[in-house]
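Working through the structure, step by step
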Amino acid sequence: MLEGAGFADWSLSLSQGCLCRSGQRLVAASTIAGVTDSAETPLPRRIAHLDMDAFYASVELLRYPQLKGLPLVIGGGRRAPDNALLQRYAGQPLSAIPVAEFPLLKDYTGRGVITTATYAARQFGIGSAMGLMKAARLCPQAILLPVDFAEYRRYSRLFKEVVLSMAPLMEDRGVDEVYIDFTDVPGGQRQGGRSLARLMQGAIADATGLSCSIGVAPNKLLAKMASEFNKPQGISIVQADDLQALIWPLACRKINGIGPKSEAKLQALGIETIADLAARPRAWLLQHFGKSHGAWLHEAAWGRDDRPVVTESEPVSMSRETTFERDLHAREDREELGAVFTALCEQVAADLQRKGYSGRTIGIKLRYADFKTATRDITLELPVADAAAIRLAAGQCLKRVPLAQRLRLLGVRVGALVRSGDAQALLAQGPRPGTRQRPVADPYTAPLF
Ligand code: DCP
Ligand code: MG
């Protein structure tokens, strides 16, 4: 097996909160939004959403081209450079490892989940977030590879460099997707943006060997939907007057921002498609979904969205979590849980330090054996980035959750981030009178974890 980590799926998540920082860029963005007061008539907004195809799996196929066309899933653990298969073929190119040597999904035991699957594997009904054991029943012959975040981040940077070299207004939306403002870029308006999208796909393929799909539309909301229309390697153009034909027949869930809960509520009210949603009076939506969400639903159904493409972003939180191989109990598995808890705090601290952030809000997430989830957080007077301080604060959060039931997942999160330089300045000012700078150790949590 290529299993490296002792736990099913360590995950690193970086929530991005967007800030428009550069005045110059903000002006450009608002020009695109059509709110410029310049004398010239602005060109119609053309916004692209670019999303890499089967990203993690496609990166793996670059080093294991012998697996092309085969069902392949990524998940179940981290890639360890010293795993048995790589050791056995040490000194040889990775592309020389015979296909028959790779681990198969049917041999997997554990509770890991799929991060992604190749399109060949998706034909069997396999997809992201599905448990590996369940996926093994659908496609036992699929090959299973562990995740290698460092490699995916490397390719992420590479494809974004290519995008930026062709269109300077790019919004980073995570490891494999970006929004790009095509409006004023040469070729960006031609064929609704298709010319530039095609050039970009080619340039990314040349630089990385990877394929992507691009949707171009009058705004981010529609572009995001469009990029999915013709995956993989697709280009889809949506114009304002395509709303009825291309967008309204879709399920409401296709709107980015409508999750399973909203979808269920909409369905309970007899709203299935975006057309159904658009048909409801705005006032009715406000009444059922509240002022802000109701108004947003109405705008979204009518394809309206004037959010700018934001070119600089700051993370708002960093977190690490892990799902255990078996459910653990706070008392019976105290030592094991305590070690995991400390390791999670160390991981988040390392992430923060590597990226140069500190945070004031320390939170924990628990998922119980019955899949119910609990979160708690605590806000400190001053930002921290070191593992011990995070551990102490997270330990205080633990005091506030029921621990009678076994746990299947534990996570630690640090939010309210500031750049560490700014944190230093805050520290230099010292704590405000009457507040404490660090959480105090308590006699209750320490023996528990
Ligand atoms: N990912 C993950 N867990 C999920 C979903 C995704 O770890 N539940 C990771 C693996 C994906 C990457 O994020 O490769 C990008 O997510 P996408 O939703 O864009 O999925 P893919 O790029 O894999 O496939 P697609 O071609 O549908 O975009
Ligand atoms: Mg993708």
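Residues numbered from 1 in each chain as written. Chains lettered and ligands numbered in written order. Predicted model: local features only at pLDDT ≥ 70, side-chain atom pairs only at ≥ 80, totals over all residues.

With that settled, consider the overall build of the protein. Helix and strand counts for the protein stand at 17 helices and 13 strands. For the protein, the residues scored as buried account for 37% of the 449 residues in total. The long-range fraction of contacts in the protein, counting pairs at least 24 apart against all pairs at least 6 apart in sequence, stands at 72%. (Helix = DSSP H or I, 4+ residues; strand = E, 2+ residues; numbered from the N terminus. Buried ≥ 20, exposed ≤ 12 C-beta atoms within 10 Å, placed from the backbone. Contact = placed C-beta atoms within 7 Å.)

Taken together, the neighbourhood of ligand 1 is formed by 14 residues, with Phe55, Tyr56, Thr115, Thr116 and Ser128 sitting nearest. At the level of secondary structure, the elements contributing two or more residues to the shell around ligand 1 comprise strand E2 (47-52), helix H2 (55-63) and strand E4 (114-117). Of the residues belonging to the shell around ligand 1, the class tally is seven nonpolar, three polar and four charged. (Near = placed C-beta within 6 Å. Nonpolar A, V, L, I, M, F, W, Y, C, P; charged D, E, K, R; others polar.)

Taken over all residues, the pLDDT of the protein has a mean of 87, while the share at 70 or more is 85%. Of the regions scoring below 50 in pLDDT, residues 1-38 engages in 85 contacts with residues more than four places distant in sequence or in other chains. Across residues 433-449 the pLDDT falls below 50, and counting only partners more than four positions away or on other chains, this stretch makes 31 contacts in the model. (pLDDT = per-residue confidence, 0-100.)

Running from N to C, helix H14 (residues 334-355) and helix H15 (residues 387-398) point in directions that differ by 130°, and their axes come no closer than 8 Å. When the axes of H14 and H15 are compared, the pair comes out oblique. Of the two elements, H14 crosses H15, and the hand of that crossing is right-handed. Only Ala387, Ile390, Arg391 and Ala394 of H15 make contact with H14, whose side of the interface consists of Thr342, Cys345, Glu346, Val348 and Ala349. Residues belonging to the contact of H14 with H15 are distributed by class as follows: six nonpolar, one polar and two charged. (Axes fitted to C-alpha atoms, helices over the stretch in contact; angles between N-to-C directions. Parallel < 35°, antiparallel > 145°, perpendicular 65-115°, else oblique. Left-handed = near helix turned anticlockwise from the far one by under 90°.)

Okay, the sheet that holds strand E6 (residues 170-172) next. Across the sheet, which stays open at both edges, the five strands sit in the order E6-E7-E2-E8-E9 with mixed pairing between neighbours. Because the sheet does not close on itself, it has two edges, and the strands there are E6 and strand E9 (235-237). Across the sheet, the mean angle separating the axes of adjacent strands is 15° when strand polarity is ignored. Here strand E8 (residues 212-217) runs beside E9; their pairing, made up of three bridges, is parallel. Paired with valine 216 across the bridge in E9 is isoleucine 237. Against the sheet, helix H6 (residues 149-166) makes contact with E2, E6 and strand E7 (177-181), and its axis sits at roughly 160° relative to E6, the strand it touches most. Here helix H7 (residues 194-208) sits on the sheet and contacts E2, E8 and E9; the angle it forms with E8, its principal contact strand, is near 160°. (Pairing = 2+ DSSP bridges.)

A few words on H14. An ideal rise of 1.5 Å per residue puts 32 Å on 22 residues; H14 measures up with 32 Å between its terminal C-alpha atoms. Residues Leu337, Val340, Phe341, Leu344, Cys345, Gln347, Val348, Ala349 and Leu352 constitute the buried set of H14. Directly beyond the C-terminal end of H14, a positive phi value near 80° is found at glycine 356. (Expected span 1.5 Å × (residues − 1).)

What follows is about the sheet that holds strand E3 (residues 72-78). Backbone-to-backbone hydrogen bonds pair the strands of a sheet. The strands run either parallel or antiparallel. A sheet is described by the order of its strands in space; here three strands give the open sequence E4-E3-E5, paired in mixed fashion. In this open sheet, the two edge strands, each paired with only one partner strand, are E4 and strand E5 (143-147). Averaged over neighbouring strand pairs, the angle between their axes works out to 35° when direction is ignored. Bridge count for E3 against E4 is three bridges, and the pairing is antiparallel.

The next thing to look at is the pairing of E7. Of all five residues making up E7, four are buried, and the element is well covered by its neighbours. Where E2 and E7 come together, five bridges link them in antiparallel fashion. What sits directly across from leucine 50, in E7, is valine 178. Both E6 and E7 contribute to a ladder of three bridges, which runs antiparallel. Among the inter-strand pairings, aspartate 172 is bridged to a residue of E7, identified as valine 178. Counting the residues in the hairpin turn of E6 and E7 gives four residues, including glycine 174, whose phi is positive at 130°.

In this section: the packing of helix H12 (residues 282-289) against helix H13 (residues 291-301). At a minimum axis distance of 7 Å, the contact between H12 and H13 shows a crossing angle of 140°. Regarding the angle of H12 to H13, the classification is oblique. Crossing hand, H12 versus H13: right-handed. Where H12 abuts H13, its residues Arg282, Leu285, Leu286, His288 and Phe289 lie against Lys291, His293, Gly294, Ala295, Leu297 and His298. A class-by-class count of the residues in the contact of H12 with H13 yields five nonpolar, four polar and two charged.

Next up on the list: the nonpolar core. One finds Ala48, Leu72, Val73, Leu105, Ala142 and Val216 to be the most contacted residues of the largest nonpolar core, which totals 70 residues. Ignoring any residue separated from it by four or fewer positions in sequence, one finds alanine 142 in contact with Pro71, Leu72, Val73, Leu104, Leu105, Ala121 and Ile126. In this structure, Val348, Tyr357, Val384 and Ala393 belong to the second largest nonpolar core, which totals 29 residues. (Core = buried A, V, L, I, M, F, W, Y, C linked by C-beta atoms within 7 Å.)

Going from lysine 231 to proline 232, the amide bond is cis rather than trans, its omega being -10°. Even without glycine at this site, alanine 129 takes up a positive phi of about 75°. Position of alanine 129 among the secondary structure elements: in the loop between helix H4 (119-122) and helix H5 (132-138). Looking at alanine 129, the number of C-beta atoms within 10 Å reads 9, which means it is exposed. Even without being glycine, glutamine 233 reaches a positive phi, approximately 55°. Within the element layout of this structure, glutamine 233 appears in the loop between helix H8 (220-226) and E9.

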